[in-house]
Amino acid sequence: MIPSAGFTELVVPGDGKGDAQHYATGVLPEHRGHGLARWMKAEAIRQARERYPDLDGLLTDTADSNRHMRVINDALGYLPTRQRVTLQLDL
């Protein structure tokens, strides 16, 4: 088994065109605060641009409450395009 400190997932359409989805990025607590999440996401973006030049864009979604990932996404050039609101009612 290969030890890992974090992960990120980028899903590209089968034909390499359209928008790719940049999902779940996570870093183990003991490895946080060293820029690993930003590096992983930036490297995934670099590789996507290199391997799939016909992509229209990259999409990601992040909760407003996840301020650390919002800072990373902002720094990497992701822009908000829509907002989803979830409400919970205790019965």
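The present account deals with the structure reproduced in this document. (Residues numbered from 1 in each chain as written. Predicted model: local features only at pLDDT ≥ 70, side-chain atom pairs only at ≥ 80, totals over all residues. Heavy atoms only, no water.)

Points about the pattern of salt bridges
Per the stated rule, a full pass over the model turns up three salt bridges. Glu50 is the salt-bridge partner of Arg46, the closest N and O atoms lying 3.0 Å from each other. Remark: Glu50 and Arg46 occur in helix H1 (residues 36–51); sequence separation between them is four residues, near one turn of the helix. Each member of the salt-bridge network shares a partner with another, and the members are Glu43, Arg46 and Glu50. (Salt bridge = Lys/Arg side-chain N within 4 Å of Asp/Glu carboxyl O. Helix = DSSP H or I, 4+ residues; strand = E, 2+ residues; numbered from the N terminus.)

Considerations on the pairing of strand E1 (residues 6–11)
Here six bridges tie E1 to strand E2 (residues 18–27), and the two strands are oriented antiparallel to one another. When the sheet's bridge partners are listed, Leu10 is paired in E2 with His22. Connecting E1 to the next strand, E2, in antiparallel fashion are six residues, including Gly16 with a positive phi near 70 degrees. (Pairing = 2+ DSSP bridges.)

Considerations on the packing of H1 against helix H2 (residues 67–75)
Interaxial distance between H1 and H2 falls to 10 Å at its minimum, and their mutual angle equals 40 degrees. Our classification of the angle between H1 and H2 gives oblique. In this structure, H1 crosses over H2, and the sense of that crossing is right-handed. For the pair H1 and H2, contact is made by Ala37, Arg38 and Lys41 and by Met69, Val71, Ile72, Asn73 and Ala75, respectively. Looking at the contact of H1 with H2, its residues break down into five nonpolar, one polar and two charged. (Axes fitted to C-alpha atoms, helices over the stretch in contact; angles between N-to-C directions. Parallel < 35°, antiparallel > 145°, perpendicular 65-115°, else oblique. Left-handed = near helix turned anticlockwise from the far one by under 90°. Contact = heavy atoms within 4.5 Å. Nonpolar A, V, L, I, M, F, W, Y, C, P; charged D, E, K, R; others polar.)

So, the sheet that holds E1
To summarise the sheet geometry, strands pair through backbone hydrogen bonds and adopt either a parallel or an antiparallel arrangement. Read from one edge of the open sheet, three strands run E1-E2-E3, paired in mixed fashion. Whereas interior strands pair on both sides, the edge strands pair on one side only; in this sheet they are E1 and strand E3 (55–60). Here the strands of the sheet are splayed against their neighbours by 25 degrees on average, with no regard to which way each runs. Packing of H1 onto the sheet brings it into contact with E1, E2 and E3, and relative to E2 it is tilted by some 155 degrees.

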